[in-house]
Amino acid sequence: MIGRFAPVAICCRKRIGDGHEKMRPKKNTKENKSMERTCLAIILAAGESTRMKSAMSKVLHPVAGRPMIAHVVDALASASISDVALVVGRDADTVAAAANTGAATVTAFLQQERLGTAHAVLAARAAIEKGYDDILVVFGDTPLITAAPLRTARKSLAEGNDVVVIGFETADPTGYGRLIVENGELLAIREHKDASEEERRITYCNGGLMAIDGRKALEFLDRIGNANAKGEYYLTDLVEIVRSRGGRTVAVEAPEEELTGCNTRAELAYIERLWQQRRRHELMLAGVSMIAPETVFLAWDTELAQDVLVEPNVVFGPGVRVENGAVIHAFSHVEGAHIRAGATVGPFARLRPGADLGPKAKVGNFCEVKKAEIGAGAKINHLTYIGDASVGAGSNIGAGTITCNYDGVNKHVTRIGENTFIGSNSSLVAPVTIGDGALVASGSVITEDVPADAVAFGRARQEIKPGRAPVLRERYEAEKAARKRAKAAE
Ligand code: UD1
Ligand code: MG
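The following paragraphs examine the structure supplied in this document. Per chain, residues are indexed from 1 in the order of the written sequence. Working convention: letters from A go to chains and numbers from 1 go to ligands, in the order in which they are written. Given that the model is predicted, a residue must reach a pLDDT of at least 70 before its local features are reported, and side-chain atom pairs must reach 80 or more before they are shown or counted; all residues, however, enter totals for whole chains, interfaces and linings. Only hydrogens and water are removed before side-chain values are computed, so all heavy atoms of the structure are retained for them.

The way it works is that DSSP assigns letters per residue, a run of H or I at least four long becomes a helix, a run of E at least two long becomes a strand, and they are numbered from the N terminus. Each helix and strand in the protein chain was counted, giving 12 helices and 35 strands. When the backbone C-alpha atoms are referred to their principal axes, the protein chain occupies close to 110 × 70 × 40 Å. Here the protein chain holds 490 residues, and the buried ones make up 49% of them. Restricting the contact set of the protein chain to residue pairs at least 6 apart, pairs at least 24 apart contribute 46%. Accessibility throughout is a Shrake-Rupley quantity obtained with a 1.4 Å probe, and a residue counts as covered only by protein chains that appear here. For the protein chain, the computed accessible surface area is about 23,100 Å², with 51% contributed by carbon and sulfur atoms. When charges are counted, Lys and Arg contribute as positive and Asp and Glu as negative, whereas His and the chain ends are disregarded. By convention, charge coordinates are those of NZ in Lys, CZ in Arg, CG in Asp, or CD in Glu. Each charge class in the protein chain was averaged separately, 61 positive and 60 negative side chains, and the resulting centres sit 4 Å apart. Here's how the labels work: a residue is buried when its accessible area is under 20% of the maximum for its type, exposed when over 50%, partly exposed in between, all with a 1.4 Å probe on protein chains only. Whether two residues touch is decided by their heavy atoms; if any such pair falls within 4.5 Å, the residues are in contact.

Shown next, in the form of structure tokens:
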């Protein structure tokens, strides 16, 4: 199946800038026609991940709460590339499932043995044979890639180059393949292990993104051998092979940030940091306030609307949507929650999946809310657990209230109506319903439904014994003195 593409934006710079350059779509130009070329992207994700020292393939490790490989698939989709061949090996089924984000048609190919990046590309031979204009090879371990370098690489192919390599400048090139460029031409890529001392001083590196003329790809790829330090079939050898056959090879520079590869846990942490910086920056430019952005952790799908304020040390898990003007106070942990306009959360609050806070609702310090709808303006201010519940608009839930939702086997629901008042330290034993306008006395254990506008007491009645305190105190003093005497006599 050969994809057809709608005209897309053209990037006119040789060097891909800071990722924020303006892209102007041009209609019916020669360049634009070039972008209608068909394209197959091949993601390599079969490696053993040896350096990761992990029980699972590195491409399954999450960045911003989502497997690395899913970030790569979405970047391809954002460059309008919808035909994707995924080369899998280790943890094949799990990797293929994680890549299936729905953004592109992903077909998995198994690389039986891990014999190198060129060998991996050839595992997708059947897809290449379908005949595409452009072949883009991307690595499953570079999750920060964006559409810009993908588009640039394709444009460069359309200009008549046979192989385009996206490179980056880095202060620490250790481990990367070095780009050997002379007079603007890419002569070769030398892998770190095979590089001479002099070559190792080169700081211009292979970012792992390569575009190949799809009509010639197999002819070139089939010539790659494995005579190198690792005894692997290196995709990077393609450059010298193409040149020896009179082809044109170029390197185009992109920001280091987009091409950082993940081979170790330390690099994973670095990639997470870069991802977080990038996303916080985007959100702040879109009108979100963060007092100490470096302390706020976002998930891949965190949606924060304009005029949301996020205080320091807030962590967002996946599935969070926060509407205009809401405030997330310091040290809150929020996951799978919808926080509507003007609501406030924390400090020190935990919202778990299914928490749905109405407009101007408040969930304060040391409160946990799970799978619960909290009505507009309702207040849950201190030390409370609300789970498997609904709280009507305008209700006030006192400090220390617990919805007892679990009987040790099953979960049960608590329904609290509108404008109710639940006194402090109450236990609402589910299933139970508190009617609109009802009042629950503090310290109650409520096991039966409370009708609307009723007052419910669920606690022992207080007793008063006048003058009894001094009598008791005297008895306690006598007991203490007796204990002291006994100890002295021992
Ligand atoms: C590779 C490049 C290097 C570049 C760097 C950028 C080669 C030979 N080297 O090195 O020039 O600077 O990436 O990050 O291409 N894979 C397979 N099957 C295999 C081997 C690898 O699918 O047999 C996959 C891995 O899962 C990974 C990707 O290919 O996603 C790259 O492999 P990796 O071992 O990480 O290559 P690097 O040593 O990082
Ligand atoms: Mg790598």
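Attention shifts here to the pairing of strand E9 (residues 185-190). For two strands to be treated as a pair, DSSP must find no fewer than two bridges joining them. Bridge analysis of strand E8 (residues 178-182) against E9 gives 5 bridges, and the strand direction is antiparallel. In the sheet register, Arg178 faces E9, and the bridge partner there is Arg190. Here E8 folds back onto E9, and the loop between the two strands holds 2 residues, one of which, Asn183, carries a positive phi near 50°.

Before going further, it helps to examine the side chain of Ser57. Within the secondary structure, Ser57 is located in the loop between strand E1 (39-45) and strand E2 (62-63). A relative accessible area of 1% means that Ser57 is categorised as buried. Apart from residues no more than four positions distant in its own chain, Ser57 is found in contact with Ala45, Ser49, Arg90, Asp91 and Val95.

Take the packing of aromatic side chains next. Two rings from Phe, Tyr or Trp (for Trp, the six-membered ring) form a pair when their centres sit within 6.5 Å of each other. Planes less than 30 degrees apart are called stacked, planes more than 60 degrees apart edge-to-face, and all others tilted. A full pass over the atoms with the stated rule returns 3 aromatic pairs. Measuring from ring centre to ring centre gives 5.0 Å for Phe168 and Tyr176, while their planes differ by 90°; the resulting arrangement is edge-to-face. Across the pair, Tyr176 and Phe168 agree in class, each one buried. Summarising the aromatic geometry, the rings of Phe348 and Phe366 are spaced 5.2 Å apart at their centres and angled 15° between planes, so their arrangement reads as stacked. Here Phe348, found in the loop between strand E20 (344-345) and strand E21 (350-351), pairs with Phe366, found in the loop between strand E23 (362-365) and strand E24 (368-374); they are 18 residues apart in sequence, far enough to count as distant. You can call Phe348 partly exposed: its relative accessible area is 39%. Looking at Phe366, the relative accessible area reads 49%, which means it is partly exposed. Three or more aromatic residues link up through ring pairs in this structure, and these residues are Phe331, Phe348 and Phe366. Put simply, a charge is over a ring when the Lys NZ or the Arg CZ is close to the ring centre, within 6 Å, and near the line of the ring normal, within 35 degrees. One Lys or Arg, Arg66, reaches over the ring of Trp300 and ends 3.9 Å from the middle of that ring. Positioned above the aromatic ring of Phe457, the side-chain terminus of Arg461 is 6.0 Å from the ring centre.

Purely spatial values, then, with no claim about function.
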